[in-house]
Structure formats: structure tokens, C-alpha cells
Amino acid sequence: MTSTHDDLRDHLRQKISLPSHGEESLYGRSAEESILINSYYASLTLTQNSPSNLILICGESGLGKTKLAETLRSYAMKDEGFFIRGKFDQSSYGEANLPYSGIANAFREYCSLLLERPGDRDQVINGLRKAIDENEGSFLCEAIPSLRSIINHVPSHHLEVDSTSTKSRFHILNYLMQKFIRVVSSFGDPIILLLDDMQWSDASSMELLKTLAASAKNPFLFVLTFRPVPKDHPFHQFIDGLEERKNVTEVRLHGLNNQHVYDMVSGILGETERGICRSLSDFLCRVTNGNPLMVRQQIISLLDNGLIYFDNGCLTWDMQKIEESSTIFRSLSIMTLHKIKRLSELTQRALLICACIGSRIDYEVLGFLVGEVCPNNELLDFAETDIVLGRKAILPAISDGLLTESWDGASASFIHDSVQSAAYSLLPTEEQAPFHLKLGQALNSKLNLSTSPSHIMFTVANQLARAYELVQEDERIQVARIFVRAGDESKSAGAFRGAHYFYAKAIGVLRSSDWLTEYDLSLNAHLNGAEVAVWSGATQNADEWLDIVSVRTRGSVMNQLRTTWMKVNLLATKGQLEAAIELGLKDLASLTGVQVKSKNLKTRTLVAMWRTRRLMRGHTETTLLACSRMKNERMNAALRLLHFIALLCAAGKPKMTPLVCFKLLELNIKFGISSTMPTAMTWYGVILIHFGYAASEAAKYGQIALRLQDVLECTDTRAQRAQVAALFYGMINTYSSNLSDCIKPLFDGHICGLQSGDVRHAMVCAQAIGTLSFHSGQELTLVAATLEKFGLLMKDYNTTTLFGVNQIYEQAVANLTGRLTSPRERGTPKGSAFNKHDTCSKTPLENEHALTMQVMIAYLLDDYDLAWRTSENLHKSQRPASLMFYVAAFFEGMTALAFAPIKGSRKTNVMKAIKSSRKSVEKISKKSPINFDHFRHLIEAEYATFLKQFASAERSFLLSVEHASESGATHLEALAWERWAHCHLTLGDLDVAYEKLRIAHNLYAKWGEISSLDALI
């Protein structure tokens, strides 16, 4: 009888414990299971580049979220796909662990599965080698070590990263993960990525997940399980970002009903025939609220306590005894804790160690720690290996269904995080910190952390961090070094919150006196801590730590310059651009003697312009390329700070930008060429155009800047390529080359920006590509695709202003292609970008583009009243030397000419507008004939038509269509033919007019402007 009961109990424990691959029947979840299966098969039908399907499974603890998700494993395997699972760990939530641990665990499983499939393995590895070079692969594996088995490059040198921005590393990681996920998901095999317990995820992991979800190629299915989370949780913010995304399936789990619990209890006890389980299942449903995990654990508890037993070979129980029993618990954690307390003291301590370390632990680590925590336990045989000791200590808990053993018998994992929580609760609050300290000290004494894998080092760091205030005097420095290493590795991976956590702990164990004996360690902790504090939002810590560094490093100009750079960056992050500029210039002057004075700004700028032009006239491309390289480290650091200040000036104090740029040029020529020279040279070209100098002179210096980038052999030149491309091809070369010829090099700059982490200028290049694609007359369907692609990137990278500009062009294209404006409703352009009440919420750059495009679109849609009203607001928001200024001037003039024949009160203003527009267009035509000659000829043709000088108008119309055709500006060629036709209609030449309208119609159709076609028929 006893053996039969024991056999039954062991059998049920094995059955009730969560099986590894969804082998057990899933009770009461058939509807939810069908939803998951349908979503999986839907993912197989999606086009490769459409957004991947994403399933969100929400529910309280124990409801079977993971078991439900695991039902998809068999479907993926049947289709020769991959089912990979990662889990976030509650033991590290809110603090720090190995960066991106949940995602890293999933890809570790992917790598293991891939290596078992030689054909798939070779295909993926070859694809990765083509897409990711050696240094990128090394960078990626530093952040996610589990990828080393399939990205096995040996780097020849370090990946070039913009060293002025720690955040660049995170942007680079996102870019490389985009490339990685596109390769592994591009071979047609279905991939299901299950990420479990998202409620324990961190902000850095959420950013990386966002990248994966946006980049994966189908068939790829994301499955995320989680408990309800507060609104300020990173995962909740991730969910909020999915509102506009299609292909998202939400599944919310609740407790099982009475019938489902009955089916479950009958199935577990094998009593489906006799129907005797109703009273028991109803009771269990009531006390557990239908929680499946609690039902399972209650049955085991009833078995353990003899309340379910064999009688005459049949299962039986006494419901009255069960209902009166003190072993019935209504809380999963209390019930689990009760079960744990019935185990031996050794197993309880082993469970406690497991709970402190994480959801999974290697037997070798467990065995060593058990020996340290329970050195006198009589059940331990210290002659045995740590692996054997660890397994022996924890085996009773595995038999009781509290943990599951890995397939290789080397580790164990909690079946559920509620079990981990219950095990941890064995430790009274006042004993928690000392116990973590003991574990950390033990691991540190056994392991050589300098050669240990990252995950081992993070395990030690986590234990010590939970008790850093208890660290003894003789251990402080060693522990601080561990924290700093953990901070450095988190920082390198772009996990800034984790890095900040560890640097703060290092600073917590260091003392003021350590600046004398451990200067480098103290400096590293404070400086790097302040840097990541800026990016993780801990600005108070950043202020405090930078103040300490300022005092402690007064004898080192280099460290003072680095501290100033961080203080300037901190102020800029807070939006205090003018204060940041002022502080940077003040410290530069006091530390290095480099002065840029802001008083009498206009006069100083003109004088500095004259001196700089005189300086630059003495140098040709040959002499500049032959200049010596910067060798003065202090001056090089000063120039890097000045370069950063120039960026801030461009964003917040543009009138200071020329002076800072002139100073950069002067110091580079005086002390040797540095990495800041190409950017300064390009800015100089932009300033020349702004001051009205020839575009050819500006282009000359831009070309020299490009050559300098190629010959300078320093890290930051690559990091600044996006900035140089944005300035040269987006602001200088648009005057000397065809607009369409600037698009390809801007795209190259965009890619360089993503590769180097300079996301800001990568997105500036993207915005310029969208703008130039539209204004160069590219087919609107292609322009729309370009704008949509870059719009998603801008939104992901939170470049709000550039995203706003991109939206303006998206809506302009939508109006012209009839997606927002019906062809039969030509008139006011639609869309929020053209909302006249929305101008106050836009930035100056957005307003400039919005108003210009509104004038243009309103004119093309024949809403001359709106075009005229809008043009009156244009002059308040324009930069005189910008492309938008001249496009707006042209369409303002065309609008005014539409009103010119009409007499009335606005006649005077109309004629002034015509005069001003003709003057501006003539000026830009002389400066950039390749892009603006057709503007000049067309407005002159319209003006001659107004004056009834038809012969002159005829010549100008002809020149306009010829020049527009040569430049590829299809939209302006179409407009020229249309206006030429109207001129002939005025003369009564109907046949000629209709022929020209037919040509205009064909050109508008070629461009894709549907809204004009009906009107021209």
C-alpha cells in the first residue's frame, strides 16, 4: 500500500511539474490556444518585409502563460523552424544583471539549435559574415556573449565609435542587432521568440526588443508573457508604443472555471471514468480561484498529507477532512513556502542559495556555495565534486516538483518565479544583506574574475551589490573594482541603468581618502558613473559626482576638460543649451586659453569672417592635406569640446556658430589637423553661403573636408562622416550639383551615422534625403516609400523635430497622390501638418517646411487664397539662405501672379510680392543655375504673360521646360507646360493649349500627382 501510494505521488509530481516542452494537456485554454495557432499560421503568410506578428499573453502568477506559449513549440518544430525562449529574472529586476539577459538567453538557445543543423548553420554563419564585419561582430558579442558561437570573427582592431558620446554605443548595438536579426530571419525558416516574465525586464532590453520587432523578417513571431505592470514600467511603455502597430494579438488569461478544473483534476488523478472528482474539483476551484498552478500544488499537498490515498486499489478522499485540513492554502506563495519548510535543512539552504543567485543555477556553483554556507552539515561528503554536492543538496526539491533539471544534468531551474520568491522568503529581512555578502565573498574567493565569463562576474557583483554597505575595510578596494568592471561592461553594452547602478555601488564603498591611494579607480567610478547617470536620467547623481571630480582633478587639465564636457552634456540634456555653451566656453578659456567671446557678436563675427577668409586663402587642398597632424593631446581635447559646443550653438544659439567654427579652423591650422577639421571646414562652407559668397567657393571647402576625412587616420573621422555628409550634401552641394545627385551620398552618410552611433546626424541625412527626393521631382510613390521608411526610424530614435518635418512631406505626398485629397475636391490640403492652428506647437524648422509646403501644395491644388495667406507668415520662419526660402519665394511669386490681374485692396501687396519673389528667384538662379534656372524662367514667363508680352513669355516658357527637363524636375516641367497652356488659352490658341495640357497631364501622371489629372483632362 505504501509503495503504491509513493509510486502514485512520484508519478503525479512528475506529471504536475511544468513539463519542458508543453507535453501535458492544457486545460481550459482551447480558445486561447487557437488564437496563438492562428497567429502563428498568419505569420507564415506575411510578406517578408511586413511587420512581424506579436502576441502578448497577460495574466497573474500561475495561470499558465508560459505553458500556453509553449504549445507553439511543436508547430515550429514540425515546420523545421526554431522555437527559442528567454526569461527575465526577478532576482535582478530593478538593479542589474548581465545586460539584456532575457534576450541573450533566447539567442543562446537559438545558437545551440542552429549548431545542430549543419545546413542551416553554414547558411546563417555565411550570411552573418557578409553582413557584419569582424569588428562589428566583436562589438556585438561584447554586448551579447551568447552570440559568439555563430559570430566567430577575430577583430583586427576596435570598432570606430564616436568617443564623445557613450550613448553612441547603444545606437551601434541597435544598428548591429538590426543587421543580425535580418540575416537570421531571412532564410524562410519560421522563428518563434518567446520572452517570459516581461514584468522583470529593464529599459535597455525593451529598447533592444523594439529594434528586433521592427527589423525581423517574416516568418517571425514574437510571444511575450507578463503580469500586469504599472504605467511607468519599461514594458508598459513598450506596449504603449504598439498602439499604431498592426499584427498584435492580445491574450488575457483568467482563472479556470469549475468544469475546466474538474477536467484538470480528473485528468491528473486518472479518474475520468468514475466521475468521482466533482466535489474535490469544485472545492479546489473555490480555494484557488481556478489558478492551474495552485490546483496542481494543492493536489500534491493533499497527497503528501495523506488526504488523497488508495483504498482497495482505488483513489479516494474524505472531503470533510480536506475542508477542515490546515494544509489547504489560499495563497500560492504560502502553500509553496509550507512545502519548502517540510524539506531538510540542507535542501532549504540550497533552495535559498538558488533563489539568491537567480531562476537558474549550475550545480558546480551551487555545490561550492552549499559547502560554504553549510560547512558542518553531516549529509555532505566533501570528497565529492561540487557538481555532485550541488545536485545531492537540491534533488529533494526537484523530486517535489519545485525545480526542473536541465537536459544535461548540470543545472536546475525553478518551475515558477513564485517558488523562487517563496524560497527567498526563508531569509528574514535583517539577514538578507549579510547572506548575499557571504555568497559574493565566497564566489569571489573561489573564482578568478579577471578571466571568468561575464555572467559569472555579474553574479558576484550582484551579490556584493546587495550588501555593499557591509563590506569590510580590507575588502573595499577589491569590491569596488568588481563594481567598476560590471559598470564598464554594462556601459559598453549600452545598458546605462545597469552601469549607473554598479558605478553608484563602487562610489558607495570608496572613501575620500581613496583619491590619494586609488586615484584611477576613484576617477573611473565617478567620471563613468556621471556619464551614464546623464543617459539613465539620474541627473542629481551626475551633478554630485562631477562636482567631486572637479575638486579632485584640478591638477589635470585633461581630466578637467573631460569633466567640463560632461557638465556641458548634462546641461544640454536638461535643455539648457545657452547655459551649456556659456559654461563650455568659460572653462575652455580658463583651462586652455582658447577664447570665443560673445559680446558685440555681429561685429566680432564680421571681423572673424574677414580674418578666416584671409587665413583660408593662403591654403589650397594640397597644403591643407599636407598639414601636420595634431599631436598636442590637451589642445586636441580642447578642440573636441569646442566642436561639441559648435553643435550646441547650431541647435540653440545659431548666431554663435560662425565664431566657434572660425576658432576651430584657426586652431587646427595652428596646432595641427585634428578630427574636428573636416566638420569645421564643412561648416565654413555653409557659413560662406549664408553670407552670400559663391557656392563654388563653399563647395571647394566641402570637397576638401571630404578628402580630409579620407586621409585622416583617427577614430572620430568615421564617427563624424554623417555630420559632414549632412552639411555638405544637404546644405552646400544643393547649390552646385543637381539635387538628385546629392541623395546617394546622403544615404551613405546616413549609414555611416548608424554604424558609428551618430544617430542624430544619421537622421538629419535621412530628413535631407526625403526633402531632396521630393523637390528633385522623383516619382511620388518612391518618395512616399522613402519617407515612410525614414519616418519609422526617426520615431524609433525619438528625433522629434526631424520626424515632424518628415510627416510634413508624407502628408504633402498624400495630398498630391489623392490619398488625403480627392481628385474631385481640389482645394485646401489636408493633414495635421497643414493645420493653421498647429504652428505654435512646431519648432522653427518644422514651421519653415510646413509653411513652404503649404504654399506649394495649395498653389498646385488651385487654392490661391490659402497659398497667399500662408505666404504672409512665411517670412517670420525662414532662413534666408535655405533651400526652403527660395522654393517658398517662387511659389509666393506664382501665387501673387495668379492674383495680379485682379483689381482690389490687395493689389499693392501683390505687386510687392511679385517684385520680391522675382528678385529672390533671380538671385538663387545665379547662385545655382542647375537647380533654379527653370524657376526663374517660369516666373518670368508668368510675369510676361501678365504684362501681355507674349513673345517674351513664349521664350521664357520654352527655357523653363527645357531646364526643368534637363534637371529631372518632372513636377516643375509639368507645371511649366500647364502654365504655358494657360497662356495660349488666354490668346485663344485652343489646339496649342490642349496639346500642352496633354503633355502636362502625362508629366503629372509620371510624377504621380493624381490630384491634377482630372483638372487637366
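Here is what the cut-offs are and how they apply
Just so you know, the residues in each chain are numbered from 1, in the order the chain's sequence is written. At least 70 in pLDDT is required for a residue's local features to be given in this predicted model, at least 80 for side-chain atom pairs to be given and counted, and no such filter applies to totals for whole chains, interfaces and linings, which use all residues. To obtain the side-chain values, all non-hydrogen atoms of the structure were used and water was disregarded. By disulfide we mean two sulfur atoms from cysteines, separated by a distance within 2.5 Å. In what follows, salt bridge is the name for a side-chain nitrogen of Lys or Arg lying within 4 Å of a carboxyl oxygen of Asp or Glu. Strands here mean DSSP runs of E at least two residues long; helices mean DSSP runs of H or I at least four residues long; both are numbered from the N terminus. To count toward a patch, a residue needs a relative accessible area over 30% and no salt bridge; like charges are then connected within 9 Å, while nonpolar side chains (Val, Leu, Ile, Met, Phe, Trp, Tyr) are connected within 5 Å. Only the protein chains shown count as cover for residues, and all accessible areas are computed by the Shrake-Rupley method using a 1.4 Å probe. Only Phe, Tyr and Trp rings take part, Trp by its six-membered ring, and two of them pair if their centres are within 6.5 Å. Stacked means planes under 30 degrees apart, edge-to-face means over 60, and tilted covers everything else. Burial here depends on accessible area, computed with a 1.4 Å probe over protein chains only, as a share of the maximum for the residue type. Under 20% is buried, over 50% is exposed, and the range in between is partly exposed. Note on geometry: a ring has a charge over it if NZ (lysine) or CZ (arginine) is within 6 Å of the ring centre and within 35 degrees of the ring normal. In this analysis, strands are considered paired if DSSP registers two or more bridges between them. Here, axes are lines fitted to C-alpha atoms. For helices the fit covers the stretch in contact, and angles between N-to-C directions go from 0 to 180 degrees. Residues are treated as being in contact if the distance between any of their heavy atoms lies within 4.5 Å. Working rule for angles: under 35 degrees goes down as roughly parallel, over 145 as roughly antiparallel, 65 to 115 as roughly perpendicular, anything else as oblique. Left-handed is the label given to a crossing in which the near helix is rotated counterclockwise from the far helix by less than a right angle, and right-handed is the label when the rotation is clockwise. In this count, Pro and Cys sit with the nonpolar residues alongside Ala, Val, Leu, Ile, Met, Phe, Trp and Tyr, while Asp, Glu, Lys and Arg are called charged and the others, Gly among them, polar. The crossover handedness rule: strands pointing away from the viewer, path from first strand over the helix to second strand clockwise, crossover right-handed. In a helix, the anticipated span is given by 1.5 Å times the number of residues less one. In plain words, nonpolar cores are sets of buried Ala, Val, Leu, Ile, Met, Phe, Trp, Tyr and Cys residues tied together by side-chain atoms within 4.5 Å.

**Quick word on the state of the cysteines**
Part 1 of the reasoning: Counting across every chain of the model gives zero disulfides.
Part 2 of the reasoning: The structure places no disulfide on C356, whose sulfur is separated from the nearest cysteine sulfur, that of C354, by 9.3 Å.

**Section: the pattern of salt bridges**
Part 1 of the reasoning: Summed over the entire model, instances satisfying the criterion amount to 33 salt bridges.
Part 2 of the reasoning: K567 is paired through a salt bridge with D547; the nearest N and O atoms lie 3.9 Å apart. Of this pair, K567 sits in helix α27 (residues 557–573) while D547 sits in helix α26 (residues 539–552), and the two are 20 residues apart along the sequence.
Part 3 of the reasoning: A salt bridge links E666 to K663; the shortest N-O distance between them is 3.5 Å. Within this pair, E666 and its partner K663 are both found in helix α32 (residues 657–671), separated by three residues, close to a single helical turn.

**What about a nonpolar patch on the surface?**
Part 1 of the reasoning: A cluster of nonpolar side chains, namely L985, L990 and Y994, defines an oily patch on the protein surface of about 280 Å² accessible area.
Part 2 of the reasoning: Mapped onto the elements, L985 comes out in helix α47 (residues 970–987).

**Topic: the packing of aromatic side chains**
Part 1 of the reasoning: A full pass over the atoms with the stated rule returns 29 aromatic pairs.
Part 2 of the reasoning: Their ring planes at 45 degrees and their centres at 5.4 Å tell us that Y859 and Y864 sit as a pair that is tilted.
Part 3 of the reasoning: Here Y859 falls in the buried class, since its relative accessible area comes to 3%.
Part 4 of the reasoning: Using a relative accessible area of 25% as the deciding quantity, one classes Y864 as partly exposed.
Part 5 of the reasoning: Here the guanidinium or amino end of R278 rests over the ring plane of Y262, the centre of that ring lying 4.1 Å away.
Part 6 of the reasoning: In this arrangement the basic side chain of K927 is found over the ring face of Y735, its NZ or CZ atom lying 5.9 Å from the centre.

**Side note on the sheet that holds strand β1 (residues 53–58)**
Part 1 of the reasoning: Overall, parallel pairing links the five strands, which are arranged β2-β3-β4-β1-β5 in an open sheet. Whereas interior strands pair on both sides, the edge strands pair on one side only; in this sheet they are β2 (82–87) and β5 (248–252). Strand-to-strand twist in this sheet, taken as the mean axis angle between neighbours without regard to direction, amounts to 15 degrees.
Part 2 of the reasoning: Of the pairings in the sheet, the one linking β1 to β5 comprises five bridges and is parallel in character. In the strand pairing of β5, L56 is matched with E250.
Part 3 of the reasoning: Across the face of the sheet, helix α2 (residues 30–45) comes into contact with β1, β3 (191–196), β4 (220–226) and β5 while running at roughly 165 degrees to β1.

**Some details on the packing of helix α15 (residues 332–341) against helix α19 (residues 417–424)**
Part 1 of the reasoning: Direction vectors running N to C along α15 and α19 enclose 60 degrees, while the axes themselves pass 9 Å from each other. It follows that α15 is oblique to α19 by the angle criterion. The element α15 and its partner α19 pack so that their crossing is right-handed. Contacts between α15 and α19 involve L332, S333, T336, L337 and I340 from the first element and S418, V419, A422 and A423 from the second.
Part 2 of the reasoning: A per-class count over the contact of α15 with α19 returns six nonpolar, three polar and no charged.

**Details of the pairing of β4**
Part 1 of the reasoning: Most of β4 sits out of view: seven of its seven residues are buried.
Part 2 of the reasoning: Where burial is concerned, the two faces of β4 agree: the one with F220, F222, L224 and F226 and the one with L221, V223 and T225 are both buried.
Part 3 of the reasoning: As paired elements, β1 and β4 share six bridges and run parallel to each other. Opposite I55, over in β4, you have V223 as the bridge partner.
Part 4 of the reasoning: In this sheet, β4 lies alongside β3 in parallel orientation, the contact comprising five bridges. Counted as the bridge partner of L195 is L224 from β4.
Part 5 of the reasoning: This β-α-β element, β3 to helix α9 (residues 203–215) to β4, shows right-handed connectivity.

**Thoughts on the pairing of β3**
Part 1 of the reasoning: Buried residues dominate β3, accounting for six of its six residues.
Part 2 of the reasoning: Burial along β3 is two-sided: the residues I191, L193 and L195 and I192, L194 and D196 are all buried.

**Structural notes on helix α41 (residues 844–860)**
Part 1 of the reasoning: For α41, which comprises 17 residues, the first-to-last C-alpha distance of 24 Å matches the rise-based estimate of 24 Å (1.5 Å per residue) to within 8%.
Part 2 of the reasoning: Most of α41 is tucked away, with 15 of its 17 residues classed as buried.
Part 3 of the reasoning: At the C-terminal side of α41, D862 shows a positive phi close to 70 degrees.

**Focus on the nonpolar core**
Inside soluble globular proteins, nonpolar side chains tend to come together where they are buried.
Part 1 of the reasoning: Counting residues in each nonpolar core, the largest one holds 290 residues, and the members touching the most others are Y110, F180 and F774.
Part 2 of the reasoning: Looking at which element gives the most residues to this core, the answer is helix α43 (residues 883–899), with 12 residues.
Part 3 of the reasoning: For Y110, the residues in contact, after removing those within four places along its chain, are F82, I84, V124, I150, V184 and I191.
Part 4 of the reasoning: Residues Y27, L307, M319 and I322 belong to the second largest nonpolar core, which totals 25 residues.

**Some remarks on the side chain of R613**
Part 1 of the reasoning: Looking at where R613 falls in the secondary structure, it is placed in helix α29 (residues 601–617).
Part 2 of the reasoning: Among residues more than four places away in sequence, those in contact with R613 are Y684, L688, Y693 and E697.

**Let's talk about unusual backbone geometry**
Part 1 of the reasoning: Note that the residue after N218, namely P219, is joined by a cis bond; omega there is 5 degrees.
Part 2 of the reasoning: At N289, a residue that is not glycine, the phi angle is positive and equals roughly 55 degrees.
Part 3 of the reasoning: You can see N289 is positioned in the loop between α12 (278–288) and α13 (292–304).
Part 4 of the reasoning: On the accessibility criterion, N289 (64% relative accessible area) is exposed.

**Observations regarding the sheet that holds strand β10 (residues 411–414)**
Backbone-to-backbone hydrogen bonds pair the strands of a sheet. The strands run either parallel or antiparallel.
Part 1 of the reasoning: A sheet is described by the order of its strands in space; here three strands give the open sequence β8-β10-β9, paired in antiparallel fashion. Only two strands of the sheet have a single partner each, and these edge strands are β8 (360–362) and β9 (403–405). For this sheet, the mean angle separating the axes of adjacent strands, direction not counted, is 25 degrees.
Part 2 of the reasoning: Across three bridges, β8 lies against β10 in antiparallel orientation. In the strand pairing of β10, D362 is matched with S411.
Part 3 of the reasoning: Contacts from helix α18 (residues 386–399) reach β9 and β10 within the one sheet, and its direction differs from that of β9 by about 120 degrees.

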